[in-house]
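Report on the structure
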Amino acid sequence: MQGTGEPLLNKNIPEAFHEAARQKLPVSLTTNGVLLDKPLAREILPQTFSVLFSNVVPDKERYVHMHDCPENHYDKVVDHVRQAVELRTELNLKVALRASLYLDAYTIDNLPQYLTTLKEFGIDYVMVSEPLWTSGSFDGVRPTSQETMRNKTSHIDELLREAHELRDDDFQFNFKLLVQDAPLAGMSPDDWEPGRCDGVKFYTIVASDGEVYPCWRYWGNREFSYGSLHRDNLRSILEGGKAQEVYRHLNATPPESDECQVCALTTINCILNQLKAPTPWINFM
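Residues numbered from 1 in each chain as written. Predicted model: local features only at pLDDT ≥ 70, side-chain atom pairs only at ≥ 80, totals over all residues. Heavy atoms only, no water.

This paragraph deals with the overall build of the protein. Helix and strand counts for the protein come out as 11 helices and eight strands. Once local pairs closer than 6 in sequence are excluded, the contacts in the protein between residues at least 24 apart make up 64%. With an accessible surface of roughly 15,600 Å², the protein has 50% of that area assigned to carbon and sulfur atoms. (Helix = DSSP H or I, 4+ residues; strand = E, 2+ residues; numbered from the N terminus. Contact = heavy atoms within 4.5 Å. Areas by Shrake-Rupley, 256 points an atom, 1.4 Å probe, with all protein chains shown as cover.)

Examined against the element boundaries, Tyr-213 turns out to sit in strand β7 (residues 211-213). For Tyr-213, a relative accessible area of 2% corresponds to the buried category. Tyr-213 sits 11 residues away from Phe-224 along the chain, and the two C-alpha atoms are 6.8 Å apart. (Buried < 20%, exposed > 50% of the residue type's maximum accessible area, 1.4 Å probe, protein only.)

With that settled, consider the nonpolar core. Residues Phe-53, Leu-101, Leu-111, Leu-115, Val-126 and Phe-175 are the most contacted members of the largest nonpolar core, which totals 50 residues. If you tally residues by element for this core, the top one is helix α4 (residues 71-90), at seven residues. Discounting chain neighbours no more than four positions away, the residues touching Leu-111 are Leu-103, Val-128, Leu-159, Leu-160, Ala-163 and Phe-175. (Core = buried A, V, L, I, M, F, W, Y, C linked by side-chain atoms within 4.5 Å.)

What follows concerns the pattern of salt bridges. Scanning the model with the defined rule gives eight salt bridges in all. The partner of Glu-90 in a salt bridge is Arg-42, with the nearest N and O atoms 3.1 Å apart. Here Glu-90 is found in helix α4, whereas its partner Arg-42 is found in helix α2 (residues 38-44), with 48 residues between them in sequence. Note on Glu-90: relative accessible area 47%, which makes it partly exposed. (Salt bridge = Lys/Arg side-chain N within 4 Å of Asp/Glu carboxyl O.)

Taken together, the four bridges between strand β2 (residues 50-53) and strand β3 (residues 96-102) define a ladder with parallel strand orientation. Along β3, the bridge assignment pairs Ser-50 with Ala-96. In the sheet, β3 pairs with strand β4 (residues 125-129) via five bridges, with the strands oriented parallel. In the sheet register, Ala-99 faces β4, and the bridge partner there is Val-126. In terms of handedness, the path from β3 via helix α5 (residues 111-121) over to β4 forms a crossover that is right-handed. (Pairing = 2+ DSSP bridges. Right-handed = clockwise from strand over helix to strand, strands pointing away.)

Let us now look at the packing of helix α3 (residues 60-67) against α4. The N-to-C vectors of α3 and α4 enclose an angle of 110 degrees; their axes lie 9 Å apart at closest approach. Taken together, the axes of α3 and α4 lie roughly perpendicular to each other. Each of Lys-60, Tyr-63 and Val-64 in α3 lies in contact with α4, whose residues at this interface are Glu-71, His-73, Tyr-74, Asp-75 and Val-77. Residue composition of the contact of α3 with α4, grouped by class: four nonpolar, one polar and three charged. (Axes fitted to C-alpha atoms, helices over the stretch in contact; angles between N-to-C directions. Parallel < 35°, antiparallel > 145°, perpendicular 65-115°, else oblique. Nonpolar A, V, L, I, M, F, W, Y, C, P; charged D, E, K, R; others polar.)

Structure below.
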């Protein structure tokens, strides 16, 4: 459960989690955590296998800048993370409590300190990466250049060695930066190639109004909706003619701007593009 806004703003979320549990569907939640107070957490955590708290920078000033939010939101998130940890113990739950952490050239030096704090909060797993800013971001600019990060490459290795000492059976983290050539960024109009986004066939997004979309590129644009769950079931929608039509359009039309730059399909596309010209060791599967 996630979206281009905070999913917990939807008052029907508890009902959706209970219905998913009844249907034996595993559910994860991505949330900024501001609304996940103890009564709501007590209701939905037992139905959830994973909660991802988005961009929990354990630094109030930086958190407020990154989220463009009031200062008291940071205090609420910290309280709600700790309450979720307490509830997990109290109710003997197996839910994983994760956090994403976006660092740039101005904050990368704080990596060990940030990870230490998140570990103290009770977070199990942290995904560390760079923020990917697009023209749709609230301040409209990328706050730091890739060259600035590249100048810190050797220092980043030192920070990683220090951070690795924090790992144990109850705390792990994953670290991927563009400066390390991690495949995080999606396509831009300049590097777009026709037929490159087959990953969209392995992924879909269901909006809160029941419309089914291929990816964030067309989110909210009903012209490119595969169909509606209010009129048909998901399998029929995904196998239907409209979905095939949208696949073809998406793979024949370059993005207008940087809407594909922040893309969840990049890793899938990298794997699929390797398989289009497989070496013997890739093809063994």
